[in-house]
Amino acid sequence: MTKVVTIDGPAASGKSTVSRELARRMGWNWVSTGAFYRGLAFVAKEKGIDFLNEEAIADLANSKEWKVVLTHERTEVEYGGHFVTDEIAQDSVGQLASLISKYKKVRERLLQNQRDCKIGVSGLVAEGRDCGTVVFPNADVKIYLTANQEQRAERRAKELGVSVESMINSQEVRDKQDSQRKIAPLQIPENAIVIDTTDMSLDYVVKLIEAKV
Ligand code: DC
C-alpha cells in the first residue's frame, strides 16, 4: 500500500521546500496541491474568464486544455503546449488561486486528480491546505507546518524579489481567506504533528518528519 505523508500549513510556511526534500530522501513522489489551484487560476486569467463565475471556473477545472504533471523536483502545470510553472509561482496567481479555492464545485473537481497522485507509487508526500483533512484523511503521518509571519514573508519576498511589506499584506489576506472559507478550510488536521519552523533549518525539519515516518 502506498504510504502517504501530508504537510499542510499557511502560505510560505516552508511546505514545498520541506515536502520536496522529504520526498527526495525517502525516494517517494511529491505533489504540491496548490499547483492545481494556481494552474486553474492562471488558465482562467489567460482565457479572460470571470472569476466570480463559479460554473465557468469549475468547467475549466475538468478541461483537457491544461494539466498537472508530477516530476521529482516540481509540480508542473502544462498549458498551451508548454509548462507555465514559473508563471503560476507569482503572488498575484496565488491570490487568484485562493479566491477560486473557496468554490465547492472547483474543489470537488480537482479532488480526484489530487488523490490520483498516489496511484502506482510506493510513497507520496502531499502538501497544501486540506491534504490531511480532505484529500488524504487516512494519511500515515500528518504534519502542520507554521512559522512566524515575518519569516514567512521574508522567505517568499526573497524568492519572488518583492518587498517584505507587500508579502506580509498579501499573506494576511490569503491566510484569512483560506482558513475562513466554508469548504475544506486550512486547519490543523486531527492527530497532526505541528511544527513551528521559525529559526529551524530545512535539514532539521526534514529529519524531524523523517523520524516520525
Ligand atoms: O500552496 P499554494 O500557495 O501554492 O496555494 C495557493 C492557493 O491555493 C492557496 O492560497 C489556497 C489554495 N489551496 C487550497 O485551497 N487547497 C490546497 N490543498 C492547496 C492550495
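Residues numbered from 1 in each chain as written. Predicted model: local features only at pLDDT ≥ 70, side-chain atom pairs only at ≥ 80, totals over all residues. Heavy atoms only, no water.

As for the packing of helix H1 (residues 15-26) against helix H10 (residues 202-212)
(1) Moving on: Close contact between H1 and H10 brings their axes to 10 Å; oriented N to C, the two are set at 60°. The orientation of H1 with respect to H10, classified from their angle, is oblique. Of the two possible hands of crossing, H1 and H10 adopt the one that is right-handed. Of H10, the residues touching H1 (which contributes Thr17, Val18, Glu21, Leu22, Arg25 and Met26) are Leu202, Asp203, Val205, Val206, Lys207, Ile209 and Glu210.
(2) Moving on: Here the contact of H1 with H10 is composed, by residue class, of seven nonpolar, one polar and five charged. (Axes fitted to C-alpha atoms, helices over the stretch in contact; angles between N-to-C directions. Helix = DSSP H or I, 4+ residues; strand = E, 2+ residues; numbered from the N terminus. Parallel < 35°, antiparallel > 145°, perpendicular 65-115°, else oblique. Left-handed = near helix turned anticlockwise from the far one by under 90°. Contact = heavy atoms within 4.5 Å. Nonpolar A, V, L, I, M, F, W, Y, C, P; charged D, E, K, R; others polar.)

Quick word on the state of the cysteines
(1) Moving on: Scanning the model with the defined rule gives zero disulfides in all.
(2) Moving on: Of the cysteine sulfurs around cysteine 117, a residue in no disulfide, the closest is that of cysteine 131, at 9.4 Å. (Disulfide = S-S within 2.5 Å.)

Considering the sheet that holds strand E6 (residues 123-128)
(1) Moving on: Strand order in the open sheet formed by five strands is E2-E6-E1-E7-E8, and the pairing between neighbours is parallel. Each edge of the open sheet carries a strand with a single partner, namely strand E2 (29-32) and strand E8 (193-196). For this sheet the average axis-to-axis angle between neighbouring strands, irrespective of direction, equals 20°.
(2) Moving on: Where E2 meets E6, four bridges bridge the pair, whose relative direction is parallel. Bridge pairing in E6 links asparagine 29 to leucine 124. (Pairing = 2+ DSSP bridges.)

Brief notes about the packing of helix H8 (residues 149-160) against helix H9 (residues 164-180)
(1) Moving on: Here H8 crosses H9 at 115°, and the two axes come no closer than 8 Å. With respect to the hand of their crossing, H8 and H9 are arranged in right-handed fashion. Where H8 abuts H9, its residues Gln149, Arg152, Ala153, Glu154, Arg156, Ala157 and Leu160 lie against Val164, Met167, Ile168, Gln171, Glu172, Arg174 and Asp175.
(2) Moving on: Tallied by class, residues from the contact of H8 with H9 come to six nonpolar, two polar and six charged.

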